[in-house]
Every structure is written in C-alpha cells, then in structure tokens.
Amino acid sequence: MEEKLLEIFKLAKILDEKQDQVYADIEYIVNKDRTLVISIRSKKNHAYLEKASFLLSEKSLIKIDDVIVIFKHYIYGGKKDE
C-alpha cells in the first residue's frame with residue numbers, strides 16, 4: 001500500500017511540472033475510516049476533472065491502481081492541450 005501511495009505522490013509532482021492545464025489535489029482524512037480523496041483539477045478554474053474517493057484498506061489497492069493509470073494518462077498526453 002505504501003509503495004502505491006508513494007507512486008501517487010511522485011506522479012502528482014510530475015503532473016504539476018508537465019501540465020499547464022491541470023494539477024493533482026490529494027486529501028487524506030484521518031478518522032476511523034481513513035479516507036483518501038484524489039482529484040485532478042483544472043488550473044484555470046479549479047474545477048474537478050476526475051475524482052476518486054476511497055477507504056484505505058487492502059481492497060482499495062485496485063482503486064489506487066486505477067488512479068495511477070489516470071495520472072499517467074494526464075501526464076503523458078491526456079488533457080494537455082485542452
């Protein structure tokens with residue numbers, strides 16, 4: 001789990017450096033549920049383009065993998081010119 005979270009943080013940094021249109025927004029809510037909210041937002045008006053929210057558990061690894069795929073899509077050619 002920790003390796004996946006570290007990868008998301010690294011991809012968020014790369015996204016901000018490579019993209020002029022979007023940025024990553026990561027929120028971790030520490031309560032009994034331990035909720036992680038990861039979003040891709042517009043730099044222009046801060047609108048949400050993609051948003052994933054899930055509880056951190058072993059079952060959430062699949063969702064984290066999906067978020068990694070989405071980040072890579074935006075980094076390597078997704079919404080770059082929109």
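To be clear, the structure that these remarks concern was listed above.
This structure is a prediction, so every number in the text was calculated from the model and none was measured.

**Notes on helix H2 (residues 61-75)**
Inference 1: End to end, H2 covers 21 Å across 15 residues, agreeing with the expected 21 Å (1.5 Å per residue, within 8%).
Inference 2: Among the residues of H2, Ile 64, Val 67, Ile 68, Phe 71, Tyr 74 and Ile 75 are the ones counted as buried. Along the long axis of H2, the arc covered by the buried residues comes to 125°, so they all point the same way. Across H2 from its buried face, at more than 90 degrees, point the exposed residues Ile 62 and Val 69.
Inference 3: Buried residues along H2 sit in contact with helix H1 (2-18), strand S1 (22-29), strand S2 (35-42) and strand S3 (48-55).
Inference 4: Trailing H2 by a residue or two, Gly 77 shows a phi angle of about 125°, which is positive.

Calculation criteria
Residues numbered from 1 in each chain as written. Predicted model: local features only at pLDDT ≥ 70, side-chain atom pairs only at ≥ 80, totals over all residues. Heavy atoms only, no water. Helix = DSSP H or I, 4+ residues; strand = E, 2+ residues; numbered from the N terminus. Expected span 1.5 Å × (residues − 1). Buried < 20%, exposed > 50% of the residue type's maximum accessible area, 1.4 Å probe, protein only. Arc of directions from axis to C-beta. Contact = heavy atoms within 4.5 Å.

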